[in-house]
Amino acid sequence: MTVTIKELTNHNYIDHELSATLDSTDAFEGPEKLLEIWFYPHKNAITTSKTLRDVAMDKWIEILKLVKCEVLSMKKTQELDAFLLSESSLFVFDHKLTLKTCGTTTTLFCLAKLFHTIEQELSWKFQATPDGKYAPFKVFYSRRCFLFPCKQAAIHQNWADEVDYLNQFFDHGKSYSVGRNDKSNHWNLYVTETDSTMPQGKEYTEDDDETFEVLMTELDPHCANMFVCGPDTSTPGPAEANEDKGHNLGYQMTKKTKLDEIYLNSSQDSDASFHHDAFAFTPCGYSSNMVLAEKYYYTLHVTPEKGWSYASFESNIPVFDISQGKQDNLNVLLHILSVFQPREFSMTFFTKNATSPSFQKILRINESLPEYTKLDKIVYDLDDYHLFYMKLQKKI
């Protein structure tokens, strides 16, 4: 189903004080740092009785303080916990997590505390190498080039420094600079080798893992303005005791832009569950988490300021499979582009199955975008994943 007003009142956690006082006046850096850690290949491979979802909220708050962001709200489903943050999102599954943070956050500074916490709270021990490095199943870290790199904390100003820092924690990490290697167009990736010693038999098999990401810059001014709200912006809709203005405005923005209708499975006639959490920042900006069928998510983040407008979309939804062939990532991309109409955008697609219909069609996706010129198109074979990257620019 699409988003209903009930979604404003069924949070598992919400920080009303933070929601009421958070101000985005000084926000400037939209491009996010994306850290994804697979501690195990599947939840059934976990060797203790506890999972990541057993880590208490106060522990996550402590970890996120090191990243310099806070928890606005959180929703639980049967398969994951979706955190909406003051700077983007955190998704926690039983066996893995995805942390996406924008602005001047210090994403990598949480690593030591994170591994210490899971060892203390869950009895998970990943410090397995002779030199004391950690050996989880798989680690990904990525980001596009920053708009204002000099304003980042020292560790994040330079990609080489980030890689050196990651290599203090993990062995067998590989670094890639994808696309044109200049100040404004490339995308960076760090990935570790898959730990093949962990059991990966049929009993641990899950859906083919795939991630689709679209990073957009120079948004159409009219489109960007839909994500601007001043201090006097009204919040129509029923008032609830545990409702706040930021979440209410986020709900209104979601409905107005139809960002809750990107996937067919979120429609009224679908049997798939659909959960939504969104927040509108003052004076401008928007973040949302949407969870489909209890275990798949897509997340959007918008910084609409003129001069450095930016929007991102990320999804782990296997759209072709879950829609039974009625929808693919081209349909998803066209919907997103219609909302933001960026002058430039890059897209990445990770999959384990290079022969899947989704991957084969996305290789030719630029043929269906006549308004854009292809700048880069690159395919990588990364251990047990395949990566597709494309950069496009609107024709003048």
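Residues numbered from 1 in each chain as written. Predicted model: local features only at pLDDT ≥ 70, side-chain atom pairs only at ≥ 80, totals over all residues. Heavy atoms only, no water.

J.: Describe the overall build of the protein chain, naming the residues involved and giving the relevant values.
T.: Each helix and strand counted, the protein chain has ten helices and 17 strands in total. Looking at the protein chain as a whole, 58% of its 396 residues qualify as buried. Within the protein chain, residue pairs in contact and separated by at least 24 positions form 71% of the contacts whose partners lie at least 6 positions apart. As displayed, the protein chain has an accessible area near 16400 Å², and 49% of this comes from carbon and sulfur atoms. (Helix = DSSP H or I, 4+ residues; strand = E, 2+ residues; numbered from the N terminus. Buried < 20%, exposed > 50% of the residue type's maximum accessible area, 1.4 Å probe, protein only. Contact = heavy atoms within 4.5 Å. Areas by Shrake-Rupley, 256 points an atom, 1.4 Å probe, with all protein chains shown as cover.)

J.: So what about the state of the cysteines? Which residues, and what values?
T.: Summed over all chains, the structure comprises zero disulfides. Its sulfur unpaired, C69 is 8.7 Å from the next cysteine sulfur, which belongs to C102. Look at C102 and you get buried, because its relative accessible area is 14%. (Disulfide = S-S within 2.5 Å.)

J.: Lay out the UniProt feature "active site" (unreviewed entry) in the protein chain in plain terms, naming residues and giving numbers.
T.: Per the UniProt entry, the sites bearing "active site" (unreviewed entry) are S88, C102, S287 and H301 in this numbering. Across 214 residues, the annotated set stays spatially compact, with a maximum C-alpha separation of 10.8 Å. Relative to the helices and strands, C102 is located in the loop between strand 6 (96-101) and helix 3 (111-122). Excluding anything up to four places from it in sequence, C102 contacts E29, G30, P31, E32, K33, E87 and S88. If you trace the backbone, S287 turns up in strand 12 (residues 286-292). Other than its neighbours up to four places away in sequence, S287 contacts L84, S88, D277, A278, F279, F281, L300 and H301. (UniProt positions renumbered as here; feature names shortened; annotations may be inferred.)

J.: Quick one: what's the story with the pattern of salt bridges, residue by residue and with numbers?
T.: Under the definition given, this model contains 19 salt bridges. Linking K138 and D383 is a salt bridge whose minimum nitrogen-to-oxygen distance equals 3.3 Å. Of this pair, K138 sits in strand 7 (residues 138-144) while D383 sits in the loop between strand 16 (372-382) and strand 17 (385-394), and the two are 245 residues apart along the sequence. Taking relative accessible area as the criterion, K138 reaches 2% and is therefore assigned buried. Each of E218, R343, E344 and K391 takes part in salt bridges that share partners, so that together they form one network. (Salt bridge = Lys/Arg side-chain N within 4 Å of Asp/Glu carboxyl O.)

J.: Any chance you could break down the confidence of the model for the protein chain for me, citing the residues and the numbers?
T.: Low pLDDT marks stretches whose predicted atomic positions should not be read closely. Residues of the protein chain with pLDDT of at least 70 account for 87%, and the chain-wide mean is 88. Within the protein chain, strand 4 (residues 80-85) carries the highest mean pLDDT (98), whereas helix 1 (residues 16-21) carries the lowest (63). (pLDDT = per-residue confidence, 0-100.)

J.: Tell me what's going on with the side chain of T77, and back it up with residues and numbers.
T.: With respect to the helices, strands and loops of the structure, T77 is situated in the loop between strand 3 (71-76) and strand 4. Those residues within four positions of T77 in sequence are excluded, and the remaining contacts are R53, H275, V291 and E294.

J.: Describe the packing of aromatic side chains, naming the residues involved and giving the relevant values.
T.: Aromatic rings considered in pairs are described by the distance between their centres and by the relative angle of their planes. Per the counting criterion, the structure on display carries 32 aromatic pairs. Plain terms: the ring middles of Y134 and F169 are 6.4 Å apart, the flat faces sit at 15° to each other, and that makes the pair stacked. Here Y134, found in the loop between helix 3 and strand 7, pairs with F169, found in the loop between helix 5 (159-167) and strand 8 (173-178); they are 35 residues apart in sequence, far enough to count as distant. Of the two residues, Y134 and F169, both sit in the buried class. For the ring pair F140 and F350, a centre distance of 5.6 Å and an interplane angle of 70° mean the geometry is edge-to-face. Taken together, the residues F140 in strand 7 and F350 in strand 15 (residues 344-351) connect sequence positions 210 residues apart. For the residue pair F140 and F350, the accessibility class agrees, reading buried in each case. Each residue in the set F39, Y40, F109, F115, W124, F126, Y134, Y165, F169 and F170 is aromatic and connected to the rest through ring pairs, giving one cluster. Cation over ring: K96 sits above F93, and NZ or CZ is 4.7 Å from the ring centre. Of note, K151 hangs over the ring of F148, and the distance from its end group to the ring centre comes to 5.3 Å. (Phe/Tyr/Trp six-rings, centres within 6.5 Å; stacked < 30°, edge-to-face > 60°. Lys NZ or Arg CZ within 6 Å of the ring centre and 35° of its normal.)

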